[in-house]
Amino acid sequence: MLRAVARCCGHWPPGAAAADGMLWQTELRPHAAGEFSMAAAQANLAMEDQAQVLASPSATLVGVYDGHGGPDASRFLRSRLFPHVQRFATEQGGMSAEVIRRAFGAAEEEFHKQVRQEWTKRPKMAAVGSCCLLGAISGDTLYVANLGDSRAVLGRRVVGGGVAVAERLSDEHNAASEEVRRELAALNPDDAQIVVHARGAWRVKGIIQVSRSIGDFYLKKPEYSLDPLFRQVGAPIALKRPALSAEPSIQVRKLNPNDLFLIFASDGLWEHLTDDAAVQIVFKNPRTGIANRLVKAALKEATRKREVRYRDLRTIERGVRRHFHDDISVVVVYLDRHRERRNTRVIDSSSNCTSAPVDIYSSNNHQSGEPLQSYKS
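Note that the structure is a prediction, hence the values are computed from the model and not measured.

(A) Spotlight on the overall build of the chain. Within the chain, the secondary structure is distributed over ten helices and 17 strands. Long-range pairs, those at least 24 residues apart, make up 71% of the contacts in the chain between residues at least 6 apart in sequence. Here the chain displays about 16200 Å² of accessible surface, and carbon together with sulfur accounts for 50% of that area.

(B) Main features of empty space enclosed by the protein. Counting across every chain of the model gives one cavity of 30 Å³ or more. A volume near 30 Å³ is recorded for the largest cavity. Of the residues that constitute the lining of the largest cavity, the class distribution is three nonpolar, one polar and three charged.

(C) Geometry of the packing of helix α7 (residues 275-284) against helix α8 (residues 290-305). Relative to each other, α7 and α8 sit at 140°, their axes nearing to 10 Å. In terms of their interaxial angle, α7 and α8 are classed as oblique. Between α7 and α8 the crossing geometry is right-handed. In contact with A278, I281 and V282 of α7, α8 contributes I290, R293, L294 and A297. Its residues placed into classes, the contact of α7 with α8 shows six nonpolar, no polar and one charged.

(D) Region of the structure containing the side chain of H31. Here H31 is to be found in strand β3 (residues 29-31). One polar contact links H31 to T60, side chain to side chain, over a distance of 3.2 Å. Here Y334 takes part through its backbone oxygen, which lies 2.9 Å from a polar atom of the side chain of H31.

(E) Structural view of the pattern of salt bridges. Summed over the entire model, instances satisfying the criterion amount to 27 salt bridges. The salt bridge partner of K220 is E108, with a shortest N-O separation of 2.8 Å. Pair noted here: K220 is in the loop between β13 (214-215) and α5 (222-225) and E108 is in helix α3 (residues 97-118), with a separation of 112 residues, a long-range link. Neither K220 nor E108 differs from the other in exposure class; each is buried. Members of the salt-bridge network, linked through shared partners, are R151, R168, E172 and D275.

(F) Examining the nonpolar core more closely. Counting 53 residues, the largest nonpolar core has L81 and I100 as the members making the most contacts within it. Contributions of two or more residues to this core are made by β6 (60-68), α2 (72-92), α3, β7 (129-138), β8 (141-147) and α4 (178-187). Once residues within four sequence positions are removed from consideration, L81 is found in contact with Y65, A103, F104, A107, C132 and L134. Counting residues in hydrophobic clusters, the runner-up holds 29 residues, among them A164, L260, F261 and I263.

(G) Quick look at the side chain of S329. Its place among the elements puts S329 in strand β16 (residues 328-334). Judged by relative accessible area, S329 falls into the buried class, the value being 1%. Other than its neighbours up to four places away in sequence, S329 contacts A39, A40, M47, D49, Q50, A51, V64, F264, A265 and S266.

(H) Representation of the packing of aromatic side chains in the model. Tallying each qualifying case throughout the model produces five aromatic pairs. Between F76 and F111, the ring centres sit 5.1 Å apart and the planes meet at 40°, which makes this aromatic pair tilted. Of this pair, F76 sits in helix α2 while F111 is found in helix α3, placing the two residues 35 residues apart along the sequence. This pair shows no difference in class: F76 is buried, exactly as F111 is. Joined through ring pairs, the aromatic side chains of F76, F111 and F217 make up one cluster. Above the face of the F88 ring, R87 is positioned so that its terminal group lies 4.3 Å from the ring centre. Directly above the ring of Y310 sits K300, whose terminal nitrogen or CZ lies 5.6 Å from the centroid.

(I) Region of interest: the layout of surface pockets. Volume-wise, the largest pocket comes out at about 750 Å³. H68, Q209, D267, R322 and D326 are, among the 26 residues lining the largest pocket, the residues nearest its centre. Sorting the residues of the lining of the largest pocket by element identifies β6 and α6 (267-270) as the ones contributing at least two each. With three residues, the single largest contributor to the lining of the largest pocket is β6. Taken together, the residues of the lining of the largest pocket sort by class into six nonpolar, nine polar and eleven charged.

(J) Fine view of the state of the cysteines. Scanning all chains against the criterion turns up zero disulfides. Not part of a disulfide, C131 finds its nearest cysteine sulfur in C132, a span of 8.9 Å. Overall, the relative accessible area of 2% leaves C131 in the buried class. According to the relative accessible area criterion, C132 is buried, its value standing at 0%.

(K) A look at unusual backbone geometry. In this structure, K205 is a non-glycine residue whose phi angle is positive, near 55°. For D216, which is not glycine, the phi torsion reads 55° and is therefore positive. If you trace the backbone, D216 turns up in the loop between β13 and α5.

What counts and what doesn't
Position numbers for residues start from 1 in each chain and track the written sequence from start to end. Local features in this predicted model are restricted to residues whose pLDDT is 70 or higher, and side-chain atom pairs enter the listing and the counts only when it is 80 or higher, whereas totals over whole chains, interfaces and linings include all residues. Hydrogen atoms and water are omitted, and side-chain values are computed over all heavy atoms in the structure. Numbering of helices and strands runs from the N terminus, with a helix taken as a DSSP run of H or I at least four residues long and a strand as a DSSP run of E at least two residues long. Note on contacts: a residue pair qualifies if any of its non-hydrogen atoms lie within 4.5 Å across the two residues. Using a 1.4 Å probe, accessible areas were evaluated by the Shrake-Rupley method; residue-level cover was limited to the displayed protein chains. Every definition here rests on a 1 Å grid over the protein atoms only: cavities are sets of points where a 1.4 Å probe fits but cannot get out, pockets are open sets enclosed by protein on both sides within 12 Å along at least five of seven lines, and lining residues have some atom within 4 Å of a point. Grid points are joined across faces, edges and corners, and a volume is the space filled by probe spheres set on the points. Amino acids outside the nonpolar list (Ala, Val, Leu, Ile, Met, Phe, Trp, Tyr, Cys, Pro) and the charged list (Asp, Glu, Lys, Arg) are all regarded as polar, and Gly is one of them. Helix axes use the C-alpha atoms of the stretch in contact, all axes being lines fitted to C-alpha atoms, and the angles between their N-to-C directions lie in the range 0 to 180 degrees. What sets the label is the angle itself: under 35 degrees gives roughly parallel, over 145 gives roughly antiparallel, 65 to 115 gives roughly perpendicular, and the rest give oblique. In a left-handed crossing the near helix is turned counterclockwise from the far helix by less than a right angle, and in a right-handed crossing that turn is clockwise. N or O atoms within 3.5 Å of each other form a polar contact, as long as, within protein, one can give a hydrogen and the other can take it, and as long as residues adjacent in sequence are counted only when both atoms are side-chain atoms. Every case where a carboxyl oxygen of Asp or Glu lies within 4 Å of a side-chain nitrogen of Lys or Arg is listed as a salt bridge. Between buried and exposed lies partly exposed: a residue is buried under 20% and exposed over 50% of the maximum accessible area for its type, with that area taken using a 1.4 Å probe on protein chains only. Think of a nonpolar core as a cluster: buried Ala, Val, Leu, Ile, Met, Phe, Trp, Tyr and Cys residues, connected wherever their side-chain atoms sit within 4.5 Å. In summary, the pairing rule links any two rings of Phe, Tyr or Trp, Trp by its six-membered ring, whose centres are within 6.5 Å, and it sorts them by plane angle into stacked for under 30 degrees, edge-to-face for over 60 and tilted for everything else. Working rule: Lys NZ or Arg CZ, within 6 Å of ring centre, within 35 degrees of ring normal, means a charge sits over the ring. Any cysteine sulfur atom paired with another within 2.5 Å is treated as part of a disulfide.

Geometric values such as these leave the question of function open.
Given below as structure tokens:
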């Protein structure tokens, strides 16, 4: 499985690129408990979302990383989170909430080390961060860990009927939530500016909407924002304690026969689709291309809100396209009951590792014969 992790974090298999060069999907692939589908759409100049699935006989790992301030943190997680999970799972003899918590902590520490190393040349790195959503299926147990506002939703069959209902499995850390604002106020009773309504939304320190992330060290460690180098990035920020946290919310659930599928997605999807709408799309449509169907449903809703035609999106350049929708990453994981039979399809775990392209636009241009710029994390 270590070889599988290394392969997953370094490369991606070819997918089916859409005509506008900003969409990507992969074919339906097996995992130990069924099949999964993955798709993504790019809106930013550089793709800030990253997504990956590692399928092996012992576990299925799903990662969705929604970066902000640049792509560095999400790309870092793409290369390093799964190896940390695997290392701690090996040390502790299996998957657990503590394994995942330690993996998140190790990723935060390692990314901080990278930021320190690059500080003098790239002070902007202190203002780069990423939401982090991790799903792990081990046997009949599901673990969902989250930082930020990506989301995991379960599609569950109603007992005795042919109907599916949505059940949200992840806690979200966004200042739009009154509960999150109360939590921040309780942790910072002497800071009246810990949450400020600015630019049409509630924001931590008037800057960022998410309250937990990997990275964003300028909002966690005062030495960064007070350093004169940081003036290249922004104004100094008065911190009495870390304004953001890297402590994940973790939910553990035993899977049962009525649990049909899981949807893991960045908030680019959930900004335009409700939990129930996404579940109904998956429940009522064929499996092939299902993640791409969700992406397109979100894009169609985004264009409807802006009163433009969906087909006109392909004429809008990346970067400018961000005014219509965010980067979107979606993974749909089917939970089939015939696990023993499904397991025979996942023999060589190294051949069942899938990552979306680091940058969809560049990847599609590369497939068309244009050079692809490499990225070293």
